[in-house]
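A look at the structure
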Amino acid sequence: MSDDLAITGGRELDAFLQSLPAKVEKNIMRAALRAGANVLKDEAKANVPVQLGALRKSVRVTTGSKAGVVTASVKAGGPKAWYWRFVEYGTAPHHIGPKNARALALAGVVVRGVEHPGARPQPFMRPALDAKGSAVIEAVAAKIRDRLTAAGINTAAPETE
């Protein structure tokens, strides 16, 4: 993400949101953060190596709220895509040996272990943020503006430069 991204109007928007009832603020922020996270999710899915269908399907958005702070996250992985971090960060060369036996069977050949050469990283999450950081902020601002306008409240939304 560019280091020179500037947001104007953020303080004013925050002050306005703080003046709303907590439930309204929470609902608006949850929807806005989800809208921004969906931009990131779509880019991350597009960046996943094609041959890894389970990994692409596992990229998702979650939202939460704790102590009045609303959050949204883009996550990858799950039971069928537990290897996501190996794709994102790569692996160092390492030994693969048997867990509970004295030998390991690979393609019908019994061996005591193998030396894995490692895997190069194929990042998909961080490049999504780097490519779409401004679009995420714009999606959040647009959703806030839409929700406030629907409620009959007009306010200036933050602008990115």
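Residues numbered from 1 in each chain as written. Predicted model: local features only at pLDDT ≥ 70, side-chain atom pairs only at ≥ 80, totals over all residues. Heavy atoms only, no water.

Where an unreviewed UniProt entry is consulted, the chain appears under the name HK97 gp10 family phage protein, with the organism given as Pseudoduganella rivuli.

For the structure shown, the criterion picks out one salt bridge. Note that Arg126 and Asp130 form a salt bridge whose closest N and O atoms lie 3.0 Å from each other. Of this pair, Arg126 and Asp130 are both found in helix H5 (residues 125-150), four residues apart, which corresponds to roughly one turn of the helix. Arg126 sits in the partly exposed class, given a relative accessible area of 48%. (Salt bridge = Lys/Arg side-chain N within 4 Å of Asp/Glu carboxyl O. Helix = DSSP H or I, 4+ residues; strand = E, 2+ residues; numbered from the N terminus. Buried < 20%, exposed > 50% of the residue type's maximum accessible area, 1.4 Å probe, protein only.)

A few words on H5. Compared with the 38 Å implied by 1.5 Å per residue over 26 residues, the 33 Å span of H5 between its first and last C-alpha is markedly short. The largest bend along H5 measures about 70° and falls at Lys132. Residues of H5 that are buried include every one of Met125, Ala128, Gly133, Val136, Ala139, Val140, Ala141, Ile144 and Leu148, and no others. (Expected span 1.5 Å × (residues − 1). Bend = angle between axes of the 7 residues up to and from the residue.)

This part is about the environment of Arg112. Its location among the elements puts Arg112 in the loop between strand E6 (109-111) and strand E7 (114-116). For the pair formed by Arg112 and Ala101, sequence separation is eleven residues and the distance between their alpha carbons is 9.2 Å. Apart from residues no more than four positions distant in its own chain, Arg112 is found in contact with His95, Gly97, Pro98, Arg102 and Ala103. (Contact = heavy atoms within 4.5 Å.)

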